[in-house]
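Spelled out, the chains give:
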Amino acid sequence: DAGVTQSPTHLIKTRGQQVTLRCSPKSGHDTVSWYQQALGQGPQFIFQYYEEEERQRGNFPDRFSGHQFPNYSSELNVNALLLGDSALYLCASSPPDIRPGELFFGEGSRLTVL
Amino acid sequence: RKEVEQDPGPFNVPEGATVAFNCTYSNSASQSFFWYRQDCRKEPKLLMSVYSSGNEDGRFTAQLNRASQYISLLIRDSKLSDSATYLCVVNGGDSSYKLIFGSGTRLLVRP
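To start, this report covers the structure provided alongside it. Keep in mind that what you see is a predicted model, and the values were worked out from it rather than measured.

Focus on the overall build of chain A
Regarding its fold elements, chain A presents zero helices and 11 strands. N-terminal to C-terminal, the α/β element order of chain A is β-β-β-β-β-β-β-β-β-β-β. In terms of overall dimensions, chain A is globule-like: its C-alpha atoms have a radius of gyration of 13 Å, near the 13 Å expected for 114 residues. By its C-alpha atoms, chain A is 40 × 25 × 25 Å across when sized along the principal axes. By the burial criterion, 49% of the 114 residues in chain A qualify as buried. In chain A, 9 positive and 12 negative side-chain charges are present, and the distance between their average locations comes to 10 Å.

As structure tokens, this is what we get:
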């Protein structure tokens, strides 16, 4: 049973570019959350998708957007990249009716912005 | 003030030692509490949920003090494999799906 898979694993972009990160949730999971983890910090909540809609959003600018597809997979898009967007982007999935907080994370996409 | 505060460590302990981590949280409306473990350059993994009555899972014991907004994790008989960063996590409040992570406490267990 595959866990949460993310792609790409590493990528390098320049300031002003746009990036799309992809996530496939664990089998049977219908909810996907995205987190940003800067070096030496804990993950920060970007947003959560459920039933193809953004259910809750953290304190991130509109440059960060997402999508969830009917098969529950998800994308995170970041426009007009800034140096400060360099981080590990983690996707986490959870099944229905699970206690909030019991998340299964993917290995992340490590983004470097030059 | 950070929403979840942890001592960054590192805590450097010998095998077999008992070590305790603490964290405080600022949102009194938080309802769910967790400890996650993160190995170097890996994804966080749920270690255990924390319940009001306290709970134990093998060598790991978690406690919650809602009045003081304080969470603890005790590891007994430390193993080399326990070396990792331990993240204290709370949800963002009643009916919130957002998880708020502390910056983590780094544990190094030496032979």
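That was the structure; now back to the text.
Considerations on the interface of chain A and chain B
In this complex, chain A contributes 20 residues to the contact, which on the side of chain B involves 22 residues. When the two sides are added together, the surface that chain A and chain B hide from each other amounts to roughly 1,900 Å², 50% of it contributed by carbon and sulfur. Connecting chain A to chain B are zero salt bridges. Linking chain A to chain B there are eight residue pairs in polar contact (both at pLDDT 80 or more). When residues of the side of chain A that touches chain B are traced back to their parent elements, those giving at least two are β4 (31-37), β5 (44-50) and β6 (53-57) of chain A. Classifying every residue of the side of chain A that touches chain B gives seven nonpolar, eight polar and five charged.

Considering the state of the cysteines
Tallied over the full model, the rule gives two disulfides over all chains. With its sulfur 1.8 Å from that of its partner, C23(A) forms a disulfide with C91(A). Taking the sign of the S-S torsion, -60 degrees for the link of C23(A) and C91(A), the bridge is left-handed. In this pair, C23(A) is assigned in strand β3 (residues 19-24) and C91(A) in strand β9 (residues 87-94), connecting sequence segments 68 residues apart. When its relative accessible area of 0% is taken as the criterion, C91(A) is described as buried. The disulfide partner of C23(B) is C88(B), and the S-S distance across this bridge is 1.9 Å.

Calculation notes
- Residues numbered from 1 in each chain as written.
- Chains lettered and ligands numbered in written order.
- Predicted model: local features only at pLDDT ≥ 70, side-chain atom pairs only at ≥ 80, totals over all residues.
- Heavy atoms only, no water.
- Helix = DSSP H or I, 4+ residues; strand = E, 2+ residues; numbered from the N terminus.
- Rg over C-alpha atoms; globule rule 2.2 N^0.38 Å.
- Buried < 20%, exposed > 50% of the residue type's maximum accessible area, 1.4 Å probe, protein only.
- Lys, Arg positive; Asp, Glu negative; His and termini not counted.
- Charge placed at Lys NZ, Arg CZ, Asp CG, Glu CD.
- Contact = heavy atoms within 4.5 Å.
- Buried area = accessible area lost by both parts, 1.4 Å probe.
- Salt bridge = Lys/Arg side-chain N within 4 Å of Asp/Glu carboxyl O.
- Polar contact = N/O pair within 3.5 Å; in protein donor to acceptor, adjacent residues only side chain to side chain.
- Nonpolar A, V, L, I, M, F, W, Y, C, P; charged D, E, K, R; others polar.
- Disulfide = S-S within 2.5 Å.

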